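Each chain, written out:
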Amino acid sequence: MEQIKILTFAKTAVKNLFLKPATTSYPFQPAEYPERVRGHVEINEEACIVCGLCMRSCPSNAIRVDRAKESWEIDRFDCVQCGNCVNMCPKKCLSIVPGYTEPDAAKKTDAYHVTAPKPVKPQEK
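Residues numbered from 1 in each chain as written. Predicted model: local features only at pLDDT ≥ 70, side-chain atom pairs only at ≥ 80, totals over all residues. Heavy atoms only, no water.

Undergrad: Got a sec to walk through the sheet that holds strand 3 (residues 71-75)? Specific residues and values, please.
TA: Spatially, 2-3-5 is the arrangement adopted by the 3 strands of the open sheet, whose pairing is antiparallel. Looking at which strands have only one partner, the edges of the open sheet turn out to be strand 2 (63-66) and strand 5 (109-113). When strand polarity is set aside, the average angle formed by the axes of neighbouring strands in this sheet is 15°. In terms of strand pairing, strand 3 meets strand 5 through 5 bridges, oriented antiparallel. (Pairing = 2+ DSSP bridges. Helix = DSSP H or I, 4+ residues; strand = E, 2+ residues; numbered from the N terminus. Axes fitted to C-alpha atoms, helices over the stretch in contact; angles between N-to-C directions.)

Undergrad: So what's going on with the environment of Gly83? Which residues, and what values?
TA: Summarising the element assignment, Gly83 is placed in the loop between strand 3 and helix 3 (84-88). Counting along the chain gives 26 residues from Gly83 to Ser57, while the straight-line C-alpha distance between them is 9.5 Å.

Undergrad: Now, about the nonpolar core: what can you tell me, with residues and values included?
TA: Formed by 18 residues in total, the largest nonpolar core has its most connected members in Val41, Ile43, Cys54, Ile63, Trp72, Cys85 and Leu94. Residue assignment for this core shows that the elements contributing at least two residues are strand 1 (40-43), strand 2, strand 3 and helix 3. Beyond its immediate sequence surroundings of up to four residues, Leu94 is in contact with Val41, Glu42, Ile43, Cys54, Trp72, Cys85, Val86 and Cys89. (Core = buried A, V, L, I, M, F, W, Y, C linked by side-chain atoms within 4.5 Å. Buried < 20%, exposed > 50% of the residue type's maximum accessible area, 1.4 Å probe, protein only. Contact = heavy atoms within 4.5 Å.)

Undergrad: Before we move on, could you go through the environment of Leu53 and cite the residues and values that matter?
TA: Here Leu53 lies in helix 2 (residues 53-57). Looking at Leu53, the relative accessible area reads 28%, which means it is partly exposed. Each residue touching Leu53, except ones within four places of it in the same chain, is listed here: Met88 and Pro90.

Undergrad: Quick rundown of the environment of Met88? Include the residues and the values.
TA: With respect to the element layout, Met88 can be found in helix 3. As for Met88 and Ser57, which are separated by 31 residues in sequence, their C-alpha atoms are 7.1 Å apart. In this structure, Met88 is in contact with Leu53 and Ser57, ignoring residues within four places of it in sequence.

Undergrad: Lay out the pairing of strand 2 in plain terms, naming residues and giving numbers.
TA: Of the two faces of strand 2, only the one carrying Ile63 and Val65 is buried; Arg64 and Asp66 on the other face are not. Sheet analysis places strand 2 next to strand 3, joined by 4 bridges and oriented antiparallel. Of the residues in strand 3, the one forming a bridge with Val65 is Trp72. Between strand 2 and strand 3, which pair antiparallel in sequence order, lie 4 residues; one of them, Glu70, sits at a positive phi of approximately 55°.

Structure (structure tokens):
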């Protein structure tokens, strides 16, 4: 019985000598992400109108929009990368970019200053 186990192991060991490694040498080769991987949310600040729909659609409340201060903030560690904010954005200024949030010892919030377009008042005749 032991000989069968040893022979099975030897067969696997010899086979693995001629296969490519299962892991990649990450620091030396960039990571390749599958096509449908969820990544992190990025914003195009010029296109944002500070409507707040992304904030209301976020299930983890990771996004905060302040129209008065013209700011858009995201807590990277609270974000669950579901894509609801991207789907709800009327101007399509949000996108999900492949990649992961880098590990950090402290909770990180990314803040962006967004210049919202001012409403145009109709001129009187």
